[in-house]
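Residue-level listing of the chains:
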Amino acid sequence: MPSTTRRPRAALAMAPAAAAAVLGGRELAALEEVCDLAPPPVLDDLATDRARAVLAGTELLVTGWGCPPLDEAVLARAPSLRAVVHTAGSVRGHITEACWERGVEVSSAAAANAVPVAEYTVAMILLSGKRVLEQAREYRAGADREDWLRTPGHVGNYRRTVGILSASMTGRRVAELLRPHDLAVLLHDPFVSAAEAAALGAEAVGLRELFERSDTVTVHTPLLEATRGLVSRELLEAMRHDAVLVNTARGAVVDQEALVRAVSEGRIRAVLDVTEPDVLPPGHPLWACEGALITPHVAGSQGNEWRRLAAQAVAEAGRWASGAGFAHPVLRERMPFLA
């Protein structure tokens, strides 16, 4: 822990565009109240002469999108570095094994970033339950607006069943936000007990059962070797007719070829904020699927939501500087399970 009698020396390491987007004047001023912050420009190349000079005395590194990997060579230039506060979610891109070997403490804003992802997810669950996008398209095409009494009985959100795949930070937030609604919530996570699932307001079920019983399945598992293609053809075929798959995690968690087939045949619908690859090429068959809503990775923090990331990062820097420790630490032993 740093000394509580002085402000630790800190520096910003991220792409300049990330710093401009996430850290406004108010946030920078708040950081300067708890740290001796190196003056701009931010460090986006940790091998320059200026970076070497700044890193030589840096104890706390505030990182963001575009931060280079903090490998052995970088750590050798930063002998006093003891902590990293990340202003975004995943730290996989820059926190290396060398950081853990050094004993560097790490915090990330993953909990803050989970909030808008969960909000997007719940919005899409409710909109797809009402078939809002389909009805809007039909209305634009001239459908009779007075024909609402003929709406099929399966349309709507009353007592629908939502299946959450993985009790990640986002998955847990989704479960919390679903509580006020008249929905049954199922959860599959091999690391969560039935009692823990019940505390989240969900029923713990097996993987296949989640897909068989749910009207909507929402995917929140991180992309790991064990989860690549986890949502397989067999699971997609097990889904109810007209069920919805929502994916805000990573595209590669889903067997995309099987998904294209299921959606194009009209068996299920899909709401996809992520795909594989993350930017679908023109002409990809998913673009032609009327039952697929594809958004450009917008569920995570954007616009004024970046202020939430900054607020958490500033709070974490203040806690560390005071000797209180991080409220949102990233633990070495949890890295294999994190996005």
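In this text the structure is predicted, and so the values were computed from the model without any measurement. (Residues numbered from 1 in each chain as written. Predicted model: local features only at pLDDT ≥ 70, side-chain atom pairs only at ≥ 80, totals over all residues. Heavy atoms only, no water.)

Novice: Teacher, can you tell me more about the sheet that holds strand 10 (residues 243-247) here?
Specialist: Neighbouring strands of a sheet are bound in pairs by backbone hydrogen bonds; such pairs are parallel or else antiparallel. Pairing is parallel across the open sheet formed by seven strands, whose spatial order is 8-7-6-9-10-11-12. On the outer flanks of this sheet lie strand 8 (203-204) and strand 12 (292-294), each paired with one strand and no other. Inspection of the sheet shows strand 11 (residues 268-272) paired to strand 12 by three bridges, in the parallel sense. Across the sheet, residue valine 271 finds its bridge partner in strand 12, namely leucine 293. The strands touched by helix 8 (residues 169-178) are strand 6 (160-165) and strand 7 (183-188); relative to strand 6, the strand with the most contacts, the crossing angle is about 160°. (Pairing = 2+ DSSP bridges. Helix = DSSP H or I, 4+ residues; strand = E, 2+ residues; numbered from the N terminus. Contact = heavy atoms within 4.5 Å. Axes fitted to C-alpha atoms, helices over the stretch in contact; angles between N-to-C directions.)

Novice: How do you make sense of the packing of helix 6 (residues 110-129) against helix 13 (residues 306-322) when you look at a structure like this?
Specialist: Axes are the key here: two packed helices are described by the angle between their axes and the distance separating the axes. One can describe the packing of helix 6 onto helix 13 by two numbers: an axis separation of 8 Å at closest approach and a directional angle of 160°. The angle between helix 6 and helix 13 places the two elements in the roughly antiparallel class. Between helix 6 and helix 13 the crossing geometry is right-handed. The residues of helix 13 that touch helix 6, namely those facing Ala110, Ala111, Ala112, Asn113, Val115 and Pro116, are Arg308, Leu309 and Gln312. Tallied by class, residues from the contact of helix 6 with helix 13 come to six nonpolar, two polar and one charged. (Parallel < 35°, antiparallel > 145°, perpendicular 65-115°, else oblique. Left-handed = near helix turned anticlockwise from the far one by under 90°. Nonpolar A, V, L, I, M, F, W, Y, C, P; charged D, E, K, R; others polar.)

Novice: Would you explain the nonpolar core in this entry?
Specialist: Nonpolar side chains tend to gather and get buried jointly when the protein is soluble and globular. Among the nonpolar cores identified, the biggest contains 28 residues, and Phe211, Val231, Leu236, Met239, Leu245 and Leu259 are the most heavily contacted of them. Among all residues touching leucine 236, those that are not within four sequence positions of it are Val231, Leu245, Asp255, Ala258, Leu259, Arg267 and Ile268. (Core = buried A, V, L, I, M, F, W, Y, C linked by side-chain atoms within 4.5 Å. Buried < 20%, exposed > 50% of the residue type's maximum accessible area, 1.4 Å probe, protein only.)

Novice: Explain the sheet that holds strand 3 (residues 60-63) to me, please; I cannot follow it from the model alone.
Specialist: Reading across the sheet, the five strands line up as 2-1-3-4-5 and stay open at both edges, with parallel pairing between neighbours. Of all strands in the sheet, those with a lone pairing partner are strand 2 (36-37) and strand 5 (105-107), marking the two edges. Judged from the four bridges that link them, strand 1 (residues 9-13) and strand 3 form a sheet pairing that is parallel. Counterpart to alanine 13 in the pairing with strand 3 is threonine 63. Contacts between helix 13 and the sheet are confined to strand 3, strand 4 (83-86) and strand 5, with strand 4 contributing the most and set at about 160° to the helix.

Novice: Where do I start with the environment of alanine 262 in this structure?
Specialist: Note on placement: alanine 262 falls in helix 12 (residues 256-264). Between the alpha carbons of alanine 262 and methionine 239 there is a distance of 9.7 Å; along the sequence they are 23 residues apart. Setting aside its immediate chain neighbours within four residues, alanine 262 contacts Arg267 and Ile268.

Novice: Teacher, can you tell me more about the pairing of strand 4 here?
Specialist: Remark: a regular strand shows side chains that alternate across the two faces of the sheet. Residues Ala83 and Val85 line one face of strand 4 and the alternating positions Val84 and His86 line the opposite face, and both faces are buried. Running through helix 4 (residues 72-77), the crossover from strand 3 to the neighbouring parallel element strand 4 is right-handed. The sheet contact formed by strand 4 and strand 5 spans three bridges and is parallel. The residue of strand 5 that forms the bridge with valine 84 is valine 106. You can see the chain leave strand 4, run along helix 5 (residues 97-102) and come back into strand 5, and the turn it takes is right-handed. (Right-handed = clockwise from strand over helix to strand, strands pointing away.)

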